[in-house]
Amino acid sequence: MDELIIRNGSVIDGLTPARTTRTIAVSGSRIHPLEQLDNPDTADTIDAEHLVVAPGFIDVHTHDDRLVMSDPTMTPKVSQGVTTVITGNCGVSLAPLCGVEPPPPLNLLGDSNDFRYSTMLEYRDAVERFPPAINLAMQVGHSTLRAATMDDLERPATADEIGRMGELLDAAMAAGAIGMSTGLAYAPAAHAPTEEVIALVSRLKAHNGIHTTHMRNEEGAVLESVKETIRIGKEADVPVVISHHKAGGKANWGKTRETLRRISEAQQVQSLNLDVYPYIASSTVLMAEYIERAERIIVTWSKSHPEMNGRDLAEIAGEWGMDLFAAADKLQPAGAIYFQMHEDDLQRVLQFPDAMIGSDGLPHDEVPHPRLWGTFPRVLGHYCRDLGLFTLEEAVRRMTSVPAKVFGLRDRGIIREGAIADLVIFDPRTIIDSATFESSKVPAEGIHTVIVGGEIVWQNGKPTGRRPGQVLERVVM
């Protein structure tokens with residue numbers, strides 16, 4: 001059994017607001033008292049003097065469903081200290097969908113060759129046959145269920161279709177999924193009425209599942225969407241997480257004051273949480289309805305004109321002698337980064353009590369948003385150390401024990417005897433994101449070592465090649 005000793009580190013345990021300098025001993029996959037190690041004199045040792053030892057970060061909002069298989073080293077995530085990812089967000093999951101050309105935004109995960117799992121169990125088996133470096137917890141996407149069930153997505157589902165979606169959802173939960181996500185802002189689900197969502201989310205209760213949502217609107221009708229989300233959670237009696245909370249478009253800047261007030265009120269009577277990424281630019285498929293409200297748009301990928309990847313839409317339109325909408329249409333299918341939020345709103349959401357951190361990175365974009373590689377170091381370096389929005393201990397807590405509790409990940413997100421040894425060692429003086437909008441595939445600075453299940457997966461600025469990741473199931477704590 002592998003044994004590891006970490007000495008002299010400043011330990012932030014993910015729970016308490018104070019640091020301690022102590023030795024952490026790992027035997028197998030768990031943290032143990034030093035005296036319980038079989039061979040402490042020959043165990044691998046890491047000197048963490050001047051460094052922080054923390055629980056591994058939990059990225060609560062990812063689109064890594066395919067990345068865990070196409071790049072199992074998970075370099076964009078382990079390089080920033082992430083040891084667990086929540087997949088299947090925004091209504092989009094690889095399973096259960098097979099033999100169908102995925103409509104946007106499902107195509108963010110790949111094409112019909114990638115959507116080849118008719119059940120979540122098939123997907124899980126594929127992941128576990130060739131495990132990734134880090135852990136994942138699976139969600140099933142509502143839009144994926146619709147695409148697998150309906151012949152026309154531009155209408156509400158019938159009772160029979162809701163029944164078939166429910167059966168697929170039940171099977172996914174039985175296969176270990178932790179919940180269901182929605183992406184009601186996107187075409188495949190935009191025509192789903194609230195009642196359709198409630199009918200499906202209600203089925204999660206029997207499985208102790210959770211519901212995450214890219215709400216129907218994050219712009220002018222953001223408050224109405226918050227109210228709809230609260231209603232869904234209340235009527236279904238299921239915990240809800242609002243994904244990447246924001247107020248997009250200049251006309252809506254400042255509305256987070258009211259949305260956060262409403263969320264806080266609802267938290268007094270039901271389980272409601274949110275996550276946020278630390279950037280004022282969003283990223284998704286290239287959509288005409290997003291063009292007018294964005295201050296700037298960068299094309300992240302284009303199947304029809306890949307030579308335009310990474311360029312500003314305005315520059316492309318000027319070159320082609322057409323307006324932005326025509327240029328966007330010519331680039332399809334495509335993805336984009338939209339600069340559309342205000343820094344004050346972002347900081348307001350970041351400071352909201354127990355707001356979790358999710359990267360929302362899109363790993364299959366040719367020129368991805370820098371959040372894919374930089375989210376967690378950016379929070380710790382820029383917003384925590386440099387701007388002082390919160391203490392380092394609080395930032396770590398909201399990246400570790402808070403999401404572990406919300407998503408039901410037992411023995412994760414904390415440092416204590418008996419807990420799983422998912423750990424990150426970093427330099428609090430230098431940790432910072434290095435990825436930029438111009439050069440986005442760059443590892444962060446300040447990450448010393450990342451450990452998953454007792455095995456070192458990142459050290460000396462590169463992956464070790466070890467792949468101890470597991471599929472995690474939800475346990476209500």
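Calculation criteria
- Residues numbered from 1 in each chain as written.
- Predicted model: local features only at pLDDT ≥ 70, side-chain atom pairs only at ≥ 80, totals over all residues.
- Heavy atoms only, no water.
- Core = buried A, V, L, I, M, F, W, Y, C linked by side-chain atoms within 4.5 Å.
- Buried < 20%, exposed > 50% of the residue type's maximum accessible area, 1.4 Å probe, protein only.
- Contact = heavy atoms within 4.5 Å.
- 1 Å grid on protein atoms, 1.4 Å probe; cavity = no way out; pocket = protein on both sides within 12 Å on 5 of 7 lines; lining within 4 Å.
- Points joined across faces, edges and corners; volume = space filled by probe spheres on them.
- Helix = DSSP H or I, 4+ residues; strand = E, 2+ residues; numbered from the N terminus.
- Nonpolar A, V, L, I, M, F, W, Y, C, P; charged D, E, K, R; others polar.
- Polar contact = N/O pair within 3.5 Å; in protein donor to acceptor, adjacent residues only side chain to side chain.
- Lys, Arg positive; Asp, Glu negative; His and termini not counted.
- Salt bridge = Lys/Arg side-chain N within 4 Å of Asp/Glu carboxyl O.
- Pairing = 2+ DSSP bridges.
- Expected span 1.5 Å × (residues − 1).
- Arc of directions from axis to C-beta.

## Remarks on the nonpolar core
Residues Tyr-123, Leu-380 and Phe-426 are the most contacted members of the largest nonpolar core, which totals 88 residues. Filtering out sequence-adjacent residues up to four positions away, Phe-426 remains in contact with Leu-51, Val-52, Ala-54, Phe-57, Leu-380, Leu-392, Val-396, Ile-431, Gly-446, Ile-447 and His-448. Counting residues in hydrophobic clusters, the runner-up holds 23 residues, among them Ile-291, Ile-297, Leu-313 and Tyr-338.

## Side note on empty space enclosed by the protein
Rolled over the atoms, a probe sized like a water molecule indicates the empty space that remains. In this structure the tally under the stated criterion is 3 cavities of 30 Å³ or more. Considered as a void within the structure, the largest cavity measures approximately 150 Å³ in volume. In terms of lining residues, the largest cavity is bounded by 20 residues, among which Tyr-186, His-214, Ser-283, Thr-284 and Asp-360 are the most central. The biggest single contributor to the lining of the largest cavity is strand S16 (residues 281-285), with 3 residues. Here the lining of the largest cavity is composed, by residue class, of 8 nonpolar, 7 polar and 5 charged. Space inside the second largest cavity adds up to approximately 90 Å³. The wall of the second largest cavity is formed by His-244, His-245, Lys-246, Ala-247, Val-276, Tyr-277, Tyr-279, Met-341, His-342, Asp-345, Leu-346 and Val-349. In terms of residue count, helix H13 (residues 343-350) provides more of the lining of the second largest cavity than any other element does, 3 residues in total.

## Structural notes on the side chain of Asn-309
Take Asn-309: it is sitting in the loop between strand S17 (296-302) and helix H11 (313-320). Given the relative accessible area of 19%, Asn-309 is considered buried. In this structure the side chain of Asn-309 is engaged in a polar contact, spanning 3.1 Å, whose partner is the backbone oxygen of Pro-306. If we ignore the near neighbours within four places in the chain, the residues touching Asn-309 are Val-299, Thr-300, Trp-301, Ser-302, Glu-366 and Val-367.

## Some details on the side chain of Arg-474
Within the secondary structure layout, Arg-474 lies in the segment after strand S23 (462-463). Buried charged residue Arg-474 carries no salt bridge. Nearest counter-charge: Glu-473, at 11 Å. A distance of 2.8 Å separates the side chain of Arg-474 from the backbone oxygen of Val-406, its partner in a polar contact. Setting aside residues up to four positions removed in sequence, Arg-474 forms contacts with Ile-178, Asn-208, Gly-209, Ile-210, Pro-239, Val-406, Phe-407 and Gly-408.

## Concerning the pattern of salt bridges
Applying the stated rule across the entire model yields 35 salt bridges. Residue Arg-397 is joined to Asp-354 by a salt bridge in which the shortest nitrogen-to-oxygen separation is 2.4 Å. Of the two residues, Arg-397 sits in helix H15 (residues 392-399) while Asp-354 sits in the loop between H13 and strand S19 (356-357), which places them 43 residues apart along the sequence. Judged by its relative accessible area of 30%, Asp-354 is partly exposed. Notably, a salt bridge pairs Arg-412 with Asp-422, separated by 2.8 Å at the nearest N-O pair. With a gap of 10 residues between them, Arg-412 in the loop between helix H16 (401-407) and strand S20 (423-426) and Asp-422 in the loop between H16 and S20 connect regions that are remote in the sequence. Linked through salt bridges whose partners overlap, the residues forming this network are Glu-258, Arg-261, Arg-262 and Glu-265.

## Here's the deal with the pairing of strand S18 (residues 334-339)
Among the 6 residues in S18, 6 count as buried, and that is most of the element. Burial of S18 is two-sided: the residues Ala-334, Ala-336 and Tyr-338 facing one way and the residues Gly-335, Ile-337 and Phe-339 facing the other way are all buried. Of the strand pairs in this sheet, S16 and S18 are connected by 5 bridges, and their pairing is antiparallel. In the strand pairing of S18, Thr-284 is matched with Ala-336. Bridge count for S17 against S18 is 6 bridges, and the pairing is antiparallel. When the sheet's bridge partners are listed, Ile-297 is paired in S18 with Tyr-338.

## Focus on helix H5 (residues 159-174)
In a regular helix each residue adds 1.5 Å, so 16 residues correspond to 22 Å; H5 covers 22 Å between its end C-alpha atoms and thus fits that length. Those residues of H5 lying buried are Glu-161, Ile-162, Met-165, Gly-166, Leu-169, Ala-172 and Met-173. The buried residues of H5 occupy an angular sector of 140 degrees when the element is viewed end-on, so they sit on one face. More than 90 degrees from the buried face of H5, the exposed residues found are Asp-160, Glu-167 and Ala-174. Of the surrounding secondary structure, the elements contacted by the buried residues of H5 are helix H3 (120-129), strand S11 (139-141), helix H4 (142-149), strand S12 (179-183) and helix H7 (194-201).

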